[in-house]
Amino acid sequence: MRIGAHVRDDDPIGAAKERGAEVVQFFLADPQGWKAPKAHPQTDELLASDIEVFVHSPYIINVASTNNRIRIPSRKLVQQHATAAKKVGAKGLIVHGGHVTKGEEAAVGFENWRKLFERQAESGGFDVPILIENTAGGDNAMARRFDALARLWDAVGEFGAGFCLDTCHAFAAGEDLVGIVERVKAITGRIDLVHLNSSRDEFNSARDRHANIADGTIEPEQLVAVLAAAQAPAVVETPDEGQAADIEFLRAKLGG
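Residues numbered from 1 in each chain as written. Predicted model: local features only at pLDDT ≥ 70, side-chain atom pairs only at ≥ 80, totals over all residues. Heavy atoms only, no water.

Structural notes on the environment of Cys-164
Then, in step 1: Secondary-structure assignment places Cys-164 in strand S6 (residues 162–166).
Then, in step 2: You can call Cys-164 buried: its relative accessible area is 0%.
Then, in step 3: Taking the C-alpha atoms as reference, Cys-164 lies 23 Å from Ile-72; in sequence the two are 92 residues apart.
Then, in step 4: Residues contacting Cys-164, with those up to four places away along its chain left out, are Ile-94, Leu-131, Ile-132, Glu-133, Asn-134, Leu-193 and His-195. (Helix = DSSP H or I, 4+ residues; strand = E, 2+ residues; numbered from the N terminus. Buried < 20%, exposed > 50% of the residue type's maximum accessible area, 1.4 Å probe, protein only. Contact = heavy atoms within 4.5 Å.)

Encoded structure:
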């Protein structure tokens, strides 16, 4: 089980060394922008290293949206980032589950996710696995509550979609972390990556605010238990100054 962190985009290798990280996650473009990613300056070094790489797609992507001006460029951006992720040796591209707007049928959002995979399958599929991430808030979200996640997987599971479990998001969404790995795997059959984050806010707050393990509202031993059960690579997306301590804590507890 390898443990690392979400790190700065320009120097992921240097950041990994500073934190003792075996895994890195980073953005390949502005997380709030629609521009296509450019070649990463550390591509050769990343390919030559033994660091496991994951790429996070921009936050603005919403594949589920019924708005053509959001959904269509979202599909394009997922494809572009998947191609760019392969070039840096990434094991997967993390994409948030997205949402429809109030009053719209959730079924349309699930179908829009299916269309993303169907359309790409016609040209051979994505260059790296697409790892759908559960989200913290929103009554119209595709991957906040696990009853919705089950409907999403009914739509996309046959295409080999992967899953990224975020512990802060699940806690904030009102999902009990006890037994969560078993519940997720009963739906998706897999967990490809864990975003191992504590939460600044209380259970079921619907707020996506990450905290370092020692400072958050999630019991640290519960986070350890989730990761031990998941048996997947882990990335802490916690405040920078505490990431090295978070990694060291997890590694000590898990004997890695």
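Observations concerning unusual backbone geometry
Glycine aside, a negative phi is what most residues show, and trans is what most peptide bonds show.
Then, in step 1: One non-glycine residue, Asn-204, lies in positive phi territory at about 65 degrees.
Then, in step 2: With respect to the helices, strands and loops of the structure, Asn-204 is situated in the loop between strand S8 (198–199) and strand S9 (210–211).
Then, in step 3: Phi at Gln-231 takes a positive value of approximately 50 degrees, unusual for a residue other than glycine.
Then, in step 4: Relative to the assigned elements, Gln-231 resides in the loop between helix H8 (220–230) and strand S10 (234–236).
Then, in step 5: Here Gln-231 falls in the exposed class, since its relative accessible area comes to 58%.

Considerations on the side chain of Thr-43
Then, in step 1: Mapped onto the elements of the fold, Thr-43 is located in helix H2 (residues 43–48).
Then, in step 2: A distance of 2.7 Å separates a polar atom in the side chain of Thr-43 from the backbone oxygen of His-40.
Then, in step 3: What Thr-43 contacts, discounting residues up to four positions off in sequence, is Lys-87 and Val-88. (Polar contact = N/O pair within 3.5 Å; in protein donor to acceptor, adjacent residues only side chain to side chain.)

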